[in-house]
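Summary of structural features
Listed here are the chains, written in short residue letters.
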Amino acid sequence: MTTTSSSSCSLDHWFHSDLEIHRLYPESIQILARKHWTPLHITKQVVEFLVPHKGVKVLDLGSGVGKFCLAGAFYKPEASFYGVEQRKHLVELADAAKNSLGLQNVHFLHKNLTKLNFRGFDHFYFYNSFYENLMNTEKIDDRVTCDPYLYDYYNHCLYNKMEDMPPGTRIATFHCIDDRMPSGFDLIESQIGQMLKFWIKT
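A brief structural summary.

1. Comments concerning the overall build of the protein chain
Of regular secondary structure, the protein chain possesses 7 helices and 7 strands. Along the protein chain, helices and strands appear, N-terminal first, in the series α-α-α-α-β-α-β-α-β-β-α-β-β-β. Its C-alpha radius of gyration of 16 Å places the protein chain within 12% of the 17 Å reference for a compact globule of 202 residues. Once the C-alpha set of the protein chain is aligned to its principal axes, its extents read approximately 50 × 40 × 30 Å. Taken over 202 residues, the protein chain has a buried fraction of 50%. Pairs at least 24 residues apart make up 66% of the contacts formed inside the protein chain by residues separated by at least 6 positions. Only carbon and sulfur atoms are counted for the fraction: they give 49% of the accessible area of the protein chain, which is about 9900 Å². For the protein chain, the separation between the mean place of its 21 positive charges and that of its 23 negative charges on side chains is 3 Å.

Laid out in structure tokens, this is it:
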């Protein structure tokens, strides 16, 4: 990890490009960045949709090393960003990056998202964190069990949790091959060849 701290370099510097923010992480994480972590230009579009007013709580479902949450917290300081991640070492890296940046409106939870009460949050971001459970897909690492059964199980749990959310709930999905949403969620906008989608529950 870089030894440069945010005290000697403004936050603007870190969020100037994906390359710069990746320097907050070890090289092993930087290698994974292009496929597993959200690009900054996508984050900017997503947070404009997920933060319609001050004070909202945004949850990243499968937050990895926290890149989306950190960028969201920088772009939208009037909102709070939370990331839930089942890999403890990734949560530790996310917390270390948060501390380096000195951001106060971002928090990381070491937990399986199926065990989390979604009612504590307003809006959601989902970058297909279940995909690695499918056969012949690139895994982040081998520290958690990956199985096609879990892909279906996690999607079912997410569907049920979103179904229980109140009207007005927003979710942005990115690179989701199965983005069936519960009744009441309207697709508001699609971008990047329908890979990025914005939904609101009516």
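2. Looking at the sheet that holds strand 1 (residues 57-61)
With mixed pairing, 7 strands are arranged side by side in an open sheet as 3-2-1-4-5-7-6. Edge positions in the sheet fall to strand 3 (106-110) and strand 6 (185-191), since each of these pairs with one other strand and no more. Taking each pair of neighbouring strands and ignoring which way they run, the sheet shows an average axis angle of 20°. Pairing analysis gives 6 bridges linking strand 6 to strand 7 (residues 196-201), with the strands arranged antiparallel. Bridge pairing in strand 7 places Q191 opposite L196. Helix 5 (residues 67-75) contacts strand 1, strand 2 (80-85), strand 3 and strand 4 (123-126) of the sheet and is inclined by roughly 175° relative to strand 2.

Procedures and definitions
Residues numbered from 1 in each chain as written. Predicted model: local features only at pLDDT ≥ 70, side-chain atom pairs only at ≥ 80, totals over all residues. Heavy atoms only, no water. Helix = DSSP H or I, 4+ residues; strand = E, 2+ residues; numbered from the N terminus. Rg over C-alpha atoms; globule rule 2.2 N^0.38 Å. Buried < 20%, exposed > 50% of the residue type's maximum accessible area, 1.4 Å probe, protein only. Contact = heavy atoms within 4.5 Å. Areas by Shrake-Rupley, 256 points an atom, 1.4 Å probe, with all protein chains shown as cover. Lys, Arg positive; Asp, Glu negative; His and termini not counted. Charge placed at Lys NZ, Arg CZ, Asp CG, Glu CD. Pairing = 2+ DSSP bridges. Axes fitted to C-alpha atoms, helices over the stretch in contact; angles between N-to-C directions.

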